[in-house]
Amino acid sequence: MLSQRVRNIAPSATLAIDSKAKQLKKEGKDVVIFGAGEPDFNTPENIKQAAKKAIDSNITRYTPVGGMPELKKAVAEKFRDFNKINYDVSEIIIGCGGKHILFNTMMAVLDKGDEAILPVPFWVSFEEMIKLAEAKVKLCPTDEKFKLTADSIEEKITDKTKLLILNSPSNPSGAIVEPSEIKKIAKLAVENNFYVISDEVYEHFTYGKEHLSIASLNDEIKKLTITCNSVSKTYAMTGWRIGYCGAAKEVITAMENLQGHSTSNPSNIAQMAALEALKGSQDSIKEMLKAFDERRKFIHKRLNEIEGVSCVEPEGAFYAFPDISGTGMDSMNFSSKLLDEALVAVVPGMAFGKEGHVRLSYATSMHEIERGMDRIVKWLKKR
Ligand code: PLP
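Owing to the predicted nature of the structure, the values given are computational and were not obtained by experimental measurement.

Student: Quick rundown of the site of the ligand? Include the residues and the values.
Tutor: Around the ligand, 14 residues are found, and the nearest of them are Gly-98, Asn-171, Asp-199, Tyr-202 and Lys-233. Separating a nitrogen atom of the ligand from a side-chain N or O atom of Asp-199 is a distance of 2.6 Å. Protein contacts shield 93% of the accessible area of the ligand, which totals 400 Å² for the unbound molecule. Among the detected pockets, the ligand sits in the largest pocket. Element by element, the count of residues in the shell around the ligand is highest for helix H5 (residues 98-109), at three residues.

Here it is as structure tokens:
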């Protein structure tokens, strides 16, 4: 009796592993969790206070569907100062998390029969969102270090290409698209007239490399780009559900119409918290970045010491994506046996379109990383 639309959706493997691991933990099992795609830090105090103040000041009613004007203004200023993109306030929308923004974007720009180019490995929800929008997924390979090139995209372009998904730094590989390639990709998009979704939620986690926003290059590519982001990762605000994007006014209007008949405005208490996140002290980002960088180097080193495992150094985000094919197991087998037999949760690469790999989030304490790595080594030796 269910619709074809929902029957085609694959459940999120990341959420499935995470909930199984959390369930085991609840049952009293000592599980080490590398599954979660969220910072282990708490939301900074000034942001929490802003939300409490919003409640006490009765800022608890509907806001405009696309978000509060003062938050849109803060987002436009952030795009101008950090990303070097000049969006007018009318070219901004606030949604219920980055995922919601991405979903609405796909719904706004894709039609049945359109093709969307998706580089592999990809974040799990991209593929399902494209399918929900009834468009066709055109997978595009990256190189052995998961680096995306304009040449590989060019090979996938047809007269039906409507959209390219760019996600740099990438979930799950951590790879950053080189600025020279971003420039060539922009040229391809303009020449072939397709949209680019640039998902920049990990823009701050680049460990010394510069982040380049494709829409900052020139006006032509800016018109075709939907620059998507959220406060979730940057400010350890995953549960607050505030995302945003900048795009051409017609795209924003379409998304606002969709939002007006689905969620209406995002929680205004969370919007007030996001306003403080963007306008207040940015020191918490530096703190997180320093901790993630130490963990990144440590996990990379430990993974490469394991027989049958090799890992490319992650350039950004907070994930390691090692090749585990040398263990003789496929990614699903490896992940489920590791959880059952050694109580360590990782996500199978299959979910990201890349067999032979698993994803480990290092957004967990150094102590947990050490314990997890010790267990993996011991478990593999026993097999
Ligand atoms: N984009 C990427 C690449 C992600 O990894 C995530 C979360 O894991 C999101 C978007 C969505 O984040 P949120 O909906 O919490 O803002």
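Moving on, there is more to tell.
Student: I'd love a proper account of the sheet that holds strand E5 (residues 161-167), names of residues and values included.
Tutor: Strand order across the open sheet formed by seven strands is E2-E8-E7-E6-E5-E3-E4, with mixed pairing between neighbours. Lying at the two open borders of the sheet, with one neighbouring strand each, are strand E2 (92-95) and strand E4 (136-140). With strand direction ignored, the average angle separating the axes of adjacent strands in the sheet is 20 degrees. Contacts from helix H4 (residues 69-83) reach E2, strand E7 (225-230) and strand E8 (243-246), with the element oriented near 115 degrees to E2.

Student: Can you break down unusual backbone geometry residue by residue, with the values?
Tutor: Residue Pro-121 follows Val-120 across a cis peptide bond; omega there is 0 degrees. Between Ser-168 and the following residue, Pro-169, the backbone shows a cis peptide bond with an omega angle of -5 degrees. You can see Pro-169 is positioned in the loop between E5 and helix H8 (179-192). Of note in this structure, Tyr-207 is not a glycine but carries a positive phi near 45 degrees. Considering the arrangement of structural elements, one finds Tyr-207 in the loop between strand E6 (195-199) and helix H9 (219-224). Classification of Tyr-207 by relative accessible area gives buried; the value is 13%.

Student: Just give me the short version of the domain arrangement of the protein, but keep the residues and values in it.
Tutor: For the protein, the domain assignment lists domain 1 (4-43 + 283-382) and domain 2 (45-279). Placing a centre on the C-alpha atoms of domain 1 and another on those of domain 2 gives a separation of 25 Å. The interface of domain 1 with domain 2 comprises 34 residues on the first partner and 39 residues on the second. Taking both partners together, domain 1 and domain 2 bury about 3000 Å²; carbon and sulfur atoms supply 64% of that area.

Student: Explain helix H12 (residues 283-304) residue by residue, including any values.
Tutor: Given a rise of 1.5 Å per residue, 22 residues ought to cover 32 Å, and the 32 Å separating the end C-alpha atoms of H12 matches this to within 8%. Residues of H12 that are buried include every one of Ser-284, Ile-285, Met-288, Ala-291, Phe-292, Asp-293, Arg-295, Arg-296, Ile-299, His-300, Arg-302 and Leu-303, and no others. Each element contacted by the buried residues of H12 is listed here: strand E9 (319-320), strand E12 (358-361) and helix H14 (366-382).

Student: Quick one: what's the story with empty space enclosed by the protein, residue by residue and with numbers?
Tutor: Under the counting rule described, the total for this entry stands at four cavities of 30 Å³ or more. When its volume is computed, the largest cavity comes out at roughly 150 Å³. Around the largest cavity, the lining is made up of 17 residues, and of these Pro-119, Pro-121, Leu-148, Asn-167 and Ser-170 lie nearest the centre. Only strand E3 (115-119) and E5 provide two or more residues apiece to the lining of the largest cavity. In this structure, the second largest cavity spans a volume of roughly 50 Å³. Put simply, the parts of the chain that give the lining of the second largest cavity at least two residues each are E5 and E6.

Cut-off values and rules
- Residues numbered from 1 in each chain as written.
- Predicted model: local features only at pLDDT ≥ 70, side-chain atom pairs only at ≥ 80, totals over all residues.
- Heavy atoms only, no water.
- Near = heavy atom within 4 Å.
- Polar contact = N/O pair within 3.5 Å; in protein donor to acceptor, adjacent residues only side chain to side chain.
- Areas by Shrake-Rupley, 256 points an atom, 1.4 Å probe, with all protein chains shown as cover.
- 1 Å grid on protein atoms, 1.4 Å probe; cavity = no way out; pocket = protein on both sides within 12 Å on 5 of 7 lines; lining within 4 Å.
- Sits in = over half its atoms within 2 Å of the grid points.
- Helix = DSSP H or I, 4+ residues; strand = E, 2+ residues; numbered from the N terminus.
- Pairing = 2+ DSSP bridges.
- Axes fitted to C-alpha atoms, helices over the stretch in contact; angles between N-to-C directions.
- Contact = heavy atoms within 4.5 Å.
- Buried < 20%, exposed > 50% of the residue type's maximum accessible area, 1.4 Å probe, protein only.
- Domains from an automatic or database assignment.
- Buried area = accessible area lost by both parts, 1.4 Å probe.
- Expected span 1.5 Å × (residues − 1).
- Points joined across faces, edges and corners; volume = space filled by probe spheres on them.

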